[in-house]
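Here's the letter readout for the chains.
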Amino acid sequence: MVEKYDDGWYPELRMHYYLTLGREFLTTRDAKRAASQLEAGENSIWKPDFNKGQLLPAVLLLENLNLLQFLTPDV
């Protein structure tokens, strides 16, 4: 049996990181992930895997909803 040490928090922590500190690295991360999928798929990408792996659309949506106002440490 495989134990999960993060208790399912990893996706939430990753999203928080890319919304705040790592925002400048997000486009590079998504581009590298897309390139590796292209390479693995011999120049074809399966759309559900591609869409699931990209974080930029979700981050942009949360920014447009002004979610960052709730993540400021001084408030």
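Residues numbered from 1 in each chain as written. Predicted model: local features only at pLDDT ≥ 70, side-chain atom pairs only at ≥ 80, totals over all residues. Heavy atoms only, no water.

**As for the overall build of the protein chain**
Note the cut-off: For the purposes of this entry, the term helix denotes a DSSP run of H or I that reaches at least four residues, the term strand denotes a run of E that reaches at least two, and both are numbered from the N terminus. Exposed residues in this analysis have more than 50% of their type's maximum accessible area, buried residues have under 20%, and partly exposed residues fall in between, with area computed by a 1.4 Å probe over protein chains only. Contact definition: two residues touch when any of their heavy atoms are within 4.5 Å. The Shrake-Rupley method, run with a 1.4 Å probe sphere, supplies the accessible areas, and residue values consider only the shown protein chains as cover. Neither His nor the chain ends contribute to the count of charged residues, in which Lys and Arg are positive and Asp and Glu negative. Where a charge lies is defined by one atom per residue type, namely NZ (Lys), CZ (Arg), CG (Asp) and CD (Glu).
Of regular secondary structure, the protein chain possesses four helices and zero strands. Going residue by residue from the N terminus, the α and β elements of the protein chain occur as α-α-α-α. Oriented by its inertia axes, the alpha-carbon framework of the protein chain measures out at about 50 × 35 × 20 Å. For the protein chain, with 75 residues in total, the buried portion stands at 17%. Counted over contacts in the protein chain with a minimum sequence separation of 6, partners at least 24 positions apart contribute 62%. For the protein chain, the exposed area adds up to about 6300 Å²; of that, 60% sits on carbon and sulfur atoms. Distance between charge centroids for the protein chain: 5 Å, based on 8 positive and 11 negative side chains.

**Some points on the confidence of the model for the protein chain**
Short version of the rule: Residue-level confidence of the predictor, termed pLDDT, takes values from 0 up to 100.
Averaged over the protein chain, the pLDDT score is 83; the fraction of residues at 70 or greater is 91%. The weakest mean pLDDT in the protein chain belongs to helix 3 (residues 47-53) at 76; the strongest belongs to helix 4 (residues 56-64) at 92.

**Here's the deal with the packing of aromatic side chains**
Remark: the centre distance and the inter-plane angle together describe each pair of aromatic rings, the angle taken between the planes. This is how the line gets drawn: In this analysis, rings of Phe, Tyr and Trp, with Trp reduced to its six-membered ring, are considered paired at centre separations within 6.5 Å, and the interplanar angle assigns stacked below 30 degrees, edge-to-face beyond 60, and tilted for intermediate values.
One pass over the structure, following the stated rule, counts one aromatic pair. For the pair Tyr17 and Tyr18, a centre-to-centre distance of 5.0 Å together with 70 degrees between the ring planes defines the contact as edge-to-face. Looking at Tyr17, the relative accessible area reads 35%, which means it is partly exposed. For Tyr18, a relative accessible area of 12% gives the class buried.

**Focus on the pattern of salt bridges**
Threshold: Salt-bridge detection follows one rule: a side-chain nitrogen of Lys or Arg within 4 Å of a carboxyl oxygen of Asp or Glu.
This structure, assessed with the given rule, holds two salt bridges. The salt bridge partner of Glu63 is Arg23, with a shortest N-O separation of 2.8 Å. With Glu63 in helix 4 and Arg23 in the loop between helix 1 (10-19) and helix 2 (26-40), this residue pair connects regions lying 40 residues apart in the sequence. The exposure class of Arg23 is partly exposed, given its relative accessible area of 25%. The closest approach of N and O atoms between Arg29 and Asp30, which form a salt bridge, is 2.6 Å. By relative accessible area, which is 18% here, Arg29 ends up buried. Classification of Asp30 by relative accessible area gives buried; the value is 4%.

**Here we look at the nonpolar core**
Put simply, the rule reads: Nonpolar cores are built from buried Ala, Val, Leu, Ile, Met, Phe, Trp, Tyr and Cys residues. Side-chain atoms within 4.5 Å join them into one set.
Listed in full, the six residues of the largest apolar core are Met15, Tyr18, Leu19, Leu26, Leu55 and Val59. The element contributing the most residues to this core is helix 1, with three residues. Not counting residues up to four positions away in its chain, the partners in contact with Leu19 are Val59, Leu62, Glu63, Leu67, Leu68 and Leu71.

**Some words on a nonpolar patch on the surface**
The cut-off we apply is this: Candidates for patches are residues over 30% relative accessible area with no salt bridge; among them, like charges are joined within 9 Å and nonpolar side chains (Val, Leu, Ile, Met, Phe, Trp, Tyr) within 5 Å.
Together, Tyr17, Leu21 and Phe25 line one region of the surface with nonpolar side chains, adding up to about 330 Å² of accessible area. Here Tyr17 is to be found in helix 1.

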